[in-house]
Amino acid sequence: RVVVAICLILQVVALYAVANHSQRNLLACLIAFFVGGYITDTISGMFHFSFDYVWPARFPVFGPVAVDFRGHHLKPGLDPSALVANITRGAYGAIPLAIATWTVTRTADQTWTSFLTVAILMSTSVWMLGFHQIHSYTHMGSKLPAAEFNAAVVEINQLPTRREQKEAFIKLFRELGIPRYVRVLQRSRLFLRPEVHWRHHINFETDFSSVNGWADP
């Protein structure tokens, strides 16, 4: 809770500085929203790949995280109800981005380019704060035992066509109690779609991104 509180305070301070930028404009904010989402998705995918394939278990700091990631493949049971824990993981990345946003806003010239830069940094910080919570909604959370979920994934993967697989996954995740507004965001591709992310848990070689999937190609 302390980490989350510190992050939110820093983000509010950074946002206030961005909002008072002399070159603020709606177009730059819109661009920053999508660029920030893409950057966060790219970072999440690169870290996910590295924890899956690069870091050995005994490597300091990153090794234990890699072990946890690989265990997540065997038991993909992220829980959306663990809000504080999920947001805390995002806060570790969001805090330095918020500090960078405030620093650049205070030191850079008041130009359109500088506003776009700080808007992108601010957007990335916000996306980063929520990335693990967003990722948790692609899984069954606490609604379905991991063994049952994995069995369903294998069964659906054996369906003959991609369309049948997609429809079966949509039905599966509808039964897991994902909030309606989250499903809307998933179907609009602002959040990572469960019926896309399952591909990673089938072969572990594609779809590493954890936010919206924009960077997966």
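Residues numbered from 1 in each chain as written. Predicted model: local features only at pLDDT ≥ 70, side-chain atom pairs only at ≥ 80, totals over all residues. Heavy atoms only, no water.

Colleague: So what exactly am I meant to see when it comes to the overall build of the protein here?
Modeller: For the protein, the count of helices and strands is nine helices and zero strands. Listing each helix as α and each strand as β along the protein from the N terminus yields α-α-α-α-α-α-α-α-α. Out of the 217 residues in the protein, the part that is buried amounts to 45%. Across the protein, the fraction of contacts at a sequence separation of at least 24, relative to all contacts at a separation of at least 6, is 71%. Carbon and sulfur atoms form 66% of the exposed surface of the protein, whose accessible area is close to 11,900 Å². (Helix = DSSP H or I, 4+ residues; strand = E, 2+ residues; numbered from the N terminus. Buried < 20%, exposed > 50% of the residue type's maximum accessible area, 1.4 Å probe, protein only. Contact = heavy atoms within 4.5 Å. Areas by Shrake-Rupley, 256 points an atom, 1.4 Å probe, with all protein chains shown as cover.)

Colleague: Mind showing me how you'd approach helix α7 (residues 162-174) here?
Modeller: Because an α-helix packs 3.6 residues into every turn, residues spaced three or four apart end up facing the same way. The end-to-end C-alpha distance of α7, which contains 13 residues, comes to 18 Å, matching closely the 18 Å that a straight helix rising 1.5 Å per residue would cover. Taken as a whole, α7 has its buried residues at Gln165, Phe169, Ile170, Leu172 and Phe173. The buried residues of α7 occupy an angular sector of 160° when the element is viewed end-on, so they sit on one face. Within α7, the exposed residues directed more than 90 degrees away from the buried face are Arg163, Lys171 and Arg174. (Expected span 1.5 Å × (residues − 1). Arc of directions from axis to C-beta.)

Colleague: Teacher, can you tell me more about the environment of Phe62 here?
Modeller: With respect to the secondary-structure elements, Phe62 resides in helix α3 (residues 62-74). On a C-alpha basis, the gap between Phe62 and Ser50 in space is 9.3 Å, while along the polypeptide they are twelve residues apart.

Colleague: Would you mind showing me how to read the packing of helix α1 (residues 2-19) against helix α5 (residues 112-136) here?
Modeller: Relative orientation and spacing of two packed helices are given, respectively, by the angle between their axes and the distance between those axes. Running from N to C, α1 and α5 point in directions that differ by 155°, and their axes come no closer than 10 Å. The pairing of α1 with α5 is recorded here as roughly antiparallel in orientation. Handedness of the α1/α5 crossing: left-handed. Together, Cys7, Leu8, Gln11, Ala14, Leu15 and Val18 of α1 and Phe115, Val118, Met122, Ser125, Val126 and Leu129 of α5 make up the contact between the two elements. Class assignment of the residues belonging to the contact of α1 with α5 gives a composition of ten nonpolar, two polar and no charged. (Axes fitted to C-alpha atoms, helices over the stretch in contact; angles between N-to-C directions. Parallel < 35°, antiparallel > 145°, perpendicular 65-115°, else oblique. Left-handed = near helix turned anticlockwise from the far one by under 90°. Nonpolar A, V, L, I, M, F, W, Y, C, P; charged D, E, K, R; others polar.)

Colleague: Would you take a moment to explain the confidence of the model for the protein for this structure?
Modeller: Predicted coordinates in regions of low pLDDT should not be interpreted in detail. Averaged over every residue, the pLDDT of the protein is 86; residues scoring 70 or more account for 89%. Considering each helix and strand of the protein separately, the mean pLDDT is smallest for helix α9 (residues 194-203), with a value of 71, and largest for α1, with 96. (pLDDT = per-residue confidence, 0-100.)

Colleague: Teacher, can you tell me more about the layout of surface pockets here?
Modeller: Over the atoms rolls a probe the size of a water molecule, and its path tells where empty space is left. Taken as a whole, the largest pocket encloses approximately 570 Å³ of empty space. When contributions to the lining of the largest pocket are tallied by element, the ones reaching two or more residues are α2 (26-53), α3, α4 (83-107) and α5. In the lining of the largest pocket, the residues fall into eleven nonpolar, six polar and two charged. In this structure, the second largest pocket encloses a volume near 200 Å³. Elements supplying a minimum of two residues to the lining of the second largest pocket: α1, α2 and α5. (1 Å grid on protein atoms, 1.4 Å probe; cavity = no way out; pocket = protein on both sides within 12 Å on 5 of 7 lines; lining within 4 Å. Points joined across faces, edges and corners; volume = space filled by probe spheres on them.)

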